[in-house]
Amino acid sequence: MDNNHVTILEIDAKALAFNLQFFKDKLKATTKVLVVIKAFGYGSDAVKIASFLSDKVAYFAVAYTDEGISLREAGIQTPILVLHPQIQNFELLIQHHLEPNIYSFDTLNAFADILVKQDKRDYPIHIKINSGLNRLGFKATHIPALITALKKHDRLFISSLFSHIAASEDLNERVFTLEQIAVFNSISTQIMEGLNIHPDKHMLNTSGIVNYSKEAQFDMVRFGIGLFGFANDKEVTSQLQNALTLTSIISQIQVIEKGESIGYNRGLIADKTMRTATIPIGHADGIGRTLGNGGTYVTINHQKAPIVGNVCMDMIMVDVTHIDCIEGATVIIFDSQEKVEQMAKMSHTITYEMLTAISQRIKRRLLF
Ligand SMILES: *Cc1c(COP(=O)(O)O)cnc(C)c1O
């Protein structure tokens, strides 16, 4: 049964495929593509996206082990890098053939110990180099000790060495970024020569591909937000296709007389007779309170209906005084990158947070 009377996030498979190809076209034919689908696929649906892309990419990455397990349980066979695995989940990680980011001596030793205990050999791991983001990873000063430790732990297969750029979208930080690339190059050379190995190297996210594919393409790239049509750059974003559309319906229309108020704390007092529509989406779904009181609008019957009054947990009210509409009519919350960007800006945040805030109670549908 197809229940249309819900708030729903539609994922456009054609747009995903288009955007994937757009980034592939910027790369050498031999460069592997890893698609990052952490946080439910940037707030969309990681399982649906992975199922659709599994034969089109070399790798997936998630942040946490349980996100990788969800993909395995859905039958995804593609290699999966877990970017931020936790030691207490290592056994589960191995059980589901997930590949850990090893970013510290503690994670290295704990993982190697489990491989010994389970008598596993050649288990693929990925070593994170801290080239300047200062989040996770080994720094230059750790490298001699790391090489010694890796020689000792001979059950590991070092599948890749990778690092993450701090400001790949900010060309004012170009000098800093080039320095990060140089640090990564120097550290990986040290490790590869020290151990006589040839792992893949990777560094670029979406904006990295846009701005540094010449300097830091290496053997693989890791991108996430670009898949959904966002490139942190107006010009490039305009060449991508929007993949996400959030729609709802009008639950009820209210006629508000002059002097009556709307919503919690009487956020708006009508200075004339108004018509409002109540929509089943609220701050618990990712529509933050800063978007209330005209902070953003929805589109009904091709016209803009601003939010009136405060955003409630499960609902918003919008002004439809001048819009021809009825209860049950379709409401578009966003259907373009520009609209998501407007909402992010009004929420004092970035598109990444706007998308990942979309609550799990909203239904997802992948459209082909
Ligand atoms: C999230 C993440 C990415 C993807 O970044 P985008 O800007 O979404 O392309 C790549 N690498 C790491 C380590 C990440 O955490």
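My aim in this report is to walk through the structure given alongside it, one point at a time. (Residues numbered from 1 in each chain as written. Predicted model: local features only at pLDDT ≥ 70, side-chain atom pairs only at ≥ 80, totals over all residues. Heavy atoms only, no water.)

## Quick look at the pairing of strand β2 (residues 32–36)
Reasoning step 1: Of all 5 residues that make up β2, 4 are buried, and the element is covered over most of its length.
Reasoning step 2: Where β2 lies against strand β9 (residues 220–223), 4 bridges are found, and the strand directions are parallel. Residue pairing across strands places leucine 34 opposite arginine 222, the latter belonging to β9.
Reasoning step 3: Taken together, the 3 bridges between β2 and strand β3 (residues 59–62) define a ladder with parallel strand orientation. Across the sheet, leucine 34 pairs through a bridge with tyrosine 59, a residue of β3. (Buried < 20%, exposed > 50% of the residue type's maximum accessible area, 1.4 Å probe, protein only. Helix = DSSP H or I, 4+ residues; strand = E, 2+ residues; numbered from the N terminus. Pairing = 2+ DSSP bridges.)

## Digging into the nonpolar core
Reasoning step 1: Ranked by internal contacts, the top residues of the largest apolar core, which has 111 residues, are Val35, Phe111, Ile300, Val318 and Phe334.
Reasoning step 2: Both domains that meet at this core, namely domain 1 (31–223) and domain 2 (244–367), each give it at least three residues.
Reasoning step 3: In contact with valine 35, not counting residues within four places along its chain, are Leu20, Leu53, Val57, Tyr59, Phe60, Ala61, Phe223 and Leu227.
Reasoning step 4: Of all hydrophobic cores here, the second largest spans 7 residues; its members include Ile256, Ile262, Val308 and Cys312. (Core = buried A, V, L, I, M, F, W, Y, C linked by side-chain atoms within 4.5 Å. Domains from an automatic or database assignment. Contact = heavy atoms within 4.5 Å.)

## So, the pattern of salt bridges
Two side chains carrying opposite charge are able to pair once their charged atoms lie near each other.
Reasoning step 1: Tallied over the entire structure, the rule returns 9 salt bridges.
Reasoning step 2: For the salt bridge of aspartate 285 with arginine 361, the shortest nitrogen-to-oxygen distance reads 2.6 Å. With aspartate 285 in the loop between β14 (274–279) and β15 (297–300) and arginine 361 in the loop between α12 (351–356) and β19 (363–367), the pair connects residues that are 76 residues apart, well separated along the chain.
Reasoning step 3: With relative accessibility at 4%, the residue aspartate 285 sits in the buried group. (Salt bridge = Lys/Arg side-chain N within 4 Å of Asp/Glu carboxyl O.)

## Remarks on the site of the ligand
Reasoning step 1: Around the ligand, the structure places 13 residues, and the nearest of them are Lys38, Tyr42, Thr206, Ile225 and Tyr352.
Reasoning step 2: The side chain of threonine 206 places a nitrogen or oxygen atom 2.5 Å from an oxygen atom of the ligand.
Reasoning step 3: For the ligand, whose free accessible area comes to 390 Å², the fraction covered by protein is 94%.
Reasoning step 4: Looking at the shell around the ligand, the elements that each hand over two or more residues are α2 (38–43) and β9. (Near = heavy atom within 4 Å. Polar contact = N/O pair within 3.5 Å; in protein donor to acceptor, adjacent residues only side chain to side chain. Areas by Shrake-Rupley, 256 points an atom, 1.4 Å probe, with all protein chains shown as cover.)

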